[in-house]
Amino acid sequence: MRVFCFYDEYRKMKEETTVAKKFVIGLIGKPYSGKETVSKLLALKFGADVHHVMFSTPLTEFLVSMGHGRESIDRPLLQKVAQNLNKHFGEGTVTRGALLLIKTSAARIDIVDGVRWPSDFDGIKALADEHTVPLMIYVHASEDKRFERGKKRTQRA
């Protein structure tokens, strides 16, 4: 339901204004709830206007630049690195990195996958101004469905 309201707003914005507006959509949900599917559906609907960001992206790029292979980067490692960065550089360090990716994106729609921490939510909300509209979408799936999806998943176990 919310996606259809978003679509109407997006279409209206493109037709009626010359002022560039940006939508930042934060996807919230448990693992395997369908956040990636929602992201793909929005990308199919809106095409090149969509930029996909994950909060883990800055961490992954950091670890790759330090010599870790992408295949060796899993959720526990990302969590450990995030906790250490927060400990040494302050809460929300990873959030600030992801927000930089959003702010520098030329896309009209930034989909932010994996909103988990209060700093993530607050950071997206703080982007609101006359040119940026932040939205949050909670994606839900039953435990049984998530379990089945998790068994099939090849991305970070």
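So, here's what we can say about the structure. (Residues numbered from 1 in each chain as written. Predicted model: local features only at pLDDT ≥ 70, side-chain atom pairs only at ≥ 80, totals over all residues. Heavy atoms only, no water.)

### Let's talk about the overall build of the chain
And then number 1: The helix and strand inventory of the chain stands at 7 helices and 4 strands.
And then number 2: From first element to last, N terminus to C terminus, the chain shows the α and β order α-β-α-β-α-α-α-β-α-β-α.
And then number 3: Expressed as a percentage of contacts within the chain between residues at least 6 apart in sequence, the contacts between residues at least 24 apart total 75%.
And then number 4: Per element, the accessible surface of the chain, about 10,000 Å² overall, is 58% carbon and sulfur. (Helix = DSSP H or I, 4+ residues; strand = E, 2+ residues; numbered from the N terminus. Contact = heavy atoms within 4.5 Å. Areas by Shrake-Rupley, 256 points an atom, 1.4 Å probe, with all protein chains shown as cover.)

### A short note on the sheet that holds strand E3 (residues 109-113)
And then number 1: On the basis of which strands lie adjacent, the open sheet formed by 4 strands has the order E2-E3-E1-E4 and parallel pairing. Each of the sheet's edge strands pairs with one partner strand only, and the pair in question is strand E2 (50-54) and strand E4 (132-138). The sheet shows a mean angle of 20° between the axes of neighbouring strands, direction not considered.
And then number 2: As defined by bridge partners, strand E1 (residues 22-28) adjoins E4 across 7 bridges and the pair is classed as parallel. In the strand pairing of E4, Phe-23 is matched with Val-133. (Pairing = 2+ DSSP bridges. Axes fitted to C-alpha atoms, helices over the stretch in contact; angles between N-to-C directions.)

### A look at helix H2 (residues 35-46)
And then number 1: A rise of 1.5 Å per residue sets the reference length of H2, with its 12 residues, at 16 Å; its end C-alpha atoms lie 17 Å apart and thus fit the reference within 8%.
And then number 2: Buried within H2 we find Lys-35, Val-38, Ser-39, Leu-42 and Phe-46. Angularly, the buried residues of H2 cover 100° about the axis, an arc narrow enough to put them on a single face. Relative to its buried face, H2 has exposed residues pointing more than 90 degrees away, namely Lys-40, Leu-41 and Leu-44.
And then number 3: Looking one or two residues beyond H2, the residue adopting positive phi is Gly-47, at roughly 60°. (Expected span 1.5 Å × (residues − 1). Buried < 20%, exposed > 50% of the residue type's maximum accessible area, 1.4 Å probe, protein only. Arc of directions from axis to C-beta.)

### Digging into the packing of helix H3 (residues 57-65) against helix H5 (residues 93-103)
And then number 1: The N-to-C vectors of H3 and H5 enclose an angle of 100°; their axes lie 8 Å apart at closest approach. Between H3 and H5, the interaxial angle falls into the category roughly perpendicular. The residues of H5 that touch H3, namely those facing Thr-57, Pro-58 and Leu-59, are Val-94, Gly-97, Ala-98 and Leu-101. (Parallel < 35°, antiparallel > 145°, perpendicular 65-115°, else oblique.)

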